[in-house]
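Survey of secondary and tertiary structure
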Amino acid sequence: MKKGISIWSFTESDLKKCFMLAKDAGFDGVEVALDETGLISLESTKEDILSVKKMAEEVGIELYSVASGLYWAYNYTSDDQAVREKAKEITKKQLQVAAWLGCDTILVVPGAVNVAFEPGSAIVSYDIAYERALSALKELAPVAEELKVSIGVENVWNKFLLSPLEMRDFIDAVGSDYVGSYFDVGNVVYCGYPEHWINILGKRIKKVHFKDYRYAVGSLDGFVDLLAGDVDYVGVMKAFDAIGYDNWATAEMIPPYKQYSETIIYNTSNAMNKILGRK
């Protein structure tokens, strides 16, 4: 597998400095993110994005995926139709940005029944959320196919698509080779086993996030450094080998303290070397 890291793992705001740090720490690539404003954003022109691509090439780091945190504010399952339409426009822009960068995948959050980490957030009936998310992705699939960029649906703390069987059937119901799973290993530990998800999703997995989690904590505070939690990474890697997955593995570490952020980058790289069997 290729070893990548999410741009959200950095506290540094300068993209080139992030790329340089990732390169120095031994990562092969960086997963960038689409924001509302900024260099990679809803406002970005093709020229803006090509400047980012050139920057990465100068550093010698690959760009392969585009995530976005905008789906927590704008999602396919909202009761507000205007919000749902905005979410679809975000996906279209994300796909275009990815194509300009030469990335082959984007990460999307498919919506939510309820957002676990936002007390008081709206609750959407599960069946309605399912219908809305499925309808949105069926509409967006042809855009992904045209641009030849896959949409990776991430399993997140959204009280939605809670089992590997359901995620598998949801993806199959969309019916496009360009819509699959962006599988987050750490996100399922609180309610299941990553190895089961990998075996069941199989070739539907487009990209992978590596995180670790301590089950006994039972909340978002349970996320810890790689190899410090309950993820059985030996079993996880066996499962990936069994399905023939040999694509990117992206570490997604949210640094709690700015003064330690660079240390976290290097520690994460070393942990990924252990997991991936690198020297």
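What this report covers is the structure whose coordinates are included nearby. Keep in mind that this is a model prediction, so the values were computed, not measured. (Residues numbered from 1 in each chain as written. Predicted model: local features only at pLDDT ≥ 70, side-chain atom pairs only at ≥ 80, totals over all residues. Heavy atoms only, no water.)

Take the overall build of the protein chain next. Looking only at helices and strands, one finds eight helices and ten strands in the protein chain. Relative to the globule expectation of 19 Å for 279 residues, the C-alpha radius of gyration of the protein chain, 18 Å, shows essentially globular dimensions. Along the longest, intermediate and shortest principal axes, the C-alpha atoms of the protein chain span 45 × 45 × 40 Å. Looking at the protein chain as a whole, 54% of its 279 residues qualify as buried. (Helix = DSSP H or I, 4+ residues; strand = E, 2+ residues; numbered from the N terminus. Rg over C-alpha atoms; globule rule 2.2 N^0.38 Å. Buried < 20%, exposed > 50% of the residue type's maximum accessible area, 1.4 Å probe, protein only.)

Position of Ser 176 among the secondary structure elements: in the loop between helix H5 (164-174) and strand S6 (179-184). Polar contacts involving the side chain of Ser 176 include one to the side chain of Glu 145, which spans 2.7 Å. Look past the residues within four positions of Ser 176 in its chain and what remains in contact with it is Ala 141 and Glu 145. (Polar contact = N/O pair within 3.5 Å; in protein donor to acceptor, adjacent residues only side chain to side chain. Contact = heavy atoms within 4.5 Å.)

Our focus in this paragraph is the side chain of Ser 68. By secondary structure assignment, the location of Ser 68 is in strand S3 (residues 62-68). Of note is the side chain of Ser 68, whose polar atom sits 3.0 Å from the backbone oxygen of Leu 34. Of the polar contacts made by the side chain of Ser 68, one reaches the backbone nitrogen of Leu 70; its length is 3.2 Å.

Time to look at the packing of aromatic side chains. With the rule as written, the count across this model stands at 14 aromatic pairs. Taken together, a centroid distance of 5.2 Å and an interplanar angle of 40° make the contact between Phe 240 and Tyr 245 tilted. With a relative accessible area of 0%, Phe 240 lands in the buried category. The exposure class of Tyr 245 is buried, given its relative accessible area of 8%. The structure contains a cluster of three or more aromatic residues connected by ring pairs, namely Tyr 126, Tyr 130, Phe 160 and Phe 170. (Phe/Tyr/Trp six-rings, centres within 6.5 Å; stacked < 30°, edge-to-face > 60°.)

Before going further, it helps to spend a moment on the nonpolar core. Counting residues in hydrophobic clusters, the biggest one holds 91 residues, and the most contacted among them are Phe 19, Phe 210 and Phe 240. Take this core: its biggest share by element is eight residues, from helix H4 (residues 126-147). (Core = buried A, V, L, I, M, F, W, Y, C linked by side-chain atoms within 4.5 Å.)

Moving on: unusual backbone geometry. Backbone geometry follows two general trends: most residues other than glycine have a negative phi, and most peptide bonds adopt the trans configuration. The backbone phi angle of Lys 148 is positive, close to 60°, even though this residue is not glycine. Note that Lys 148 resides in the loop between H4 and strand S5 (150-154). The backbone of Leu 161 sits at a positive phi, close to 50°, despite the residue not being glycine. By the secondary structure assignment, Leu 161 is in the loop between S5 and H5.

Within strand S7 (residues 205-210), six of the six residues are buried, which leaves it mostly tucked inside the rest of the structure. Pairing geometry for S6 and S7, over four bridges, is parallel. From the neighbouring strand, Asp 184 faces S7, where its bridge partner is His 209. For the crossover from S6 across helix H6 (residues 194-201) to S7, the handedness is right-handed. Examined bridge by bridge, S7 and strand S10 (residues 248-251) share three bridges and lie parallel to one another. If you follow Val 208 over to S10, its bridge partner there is Ala 249. (Pairing = 2+ DSSP bridges. Right-handed = clockwise from strand over helix to strand, strands pointing away.)

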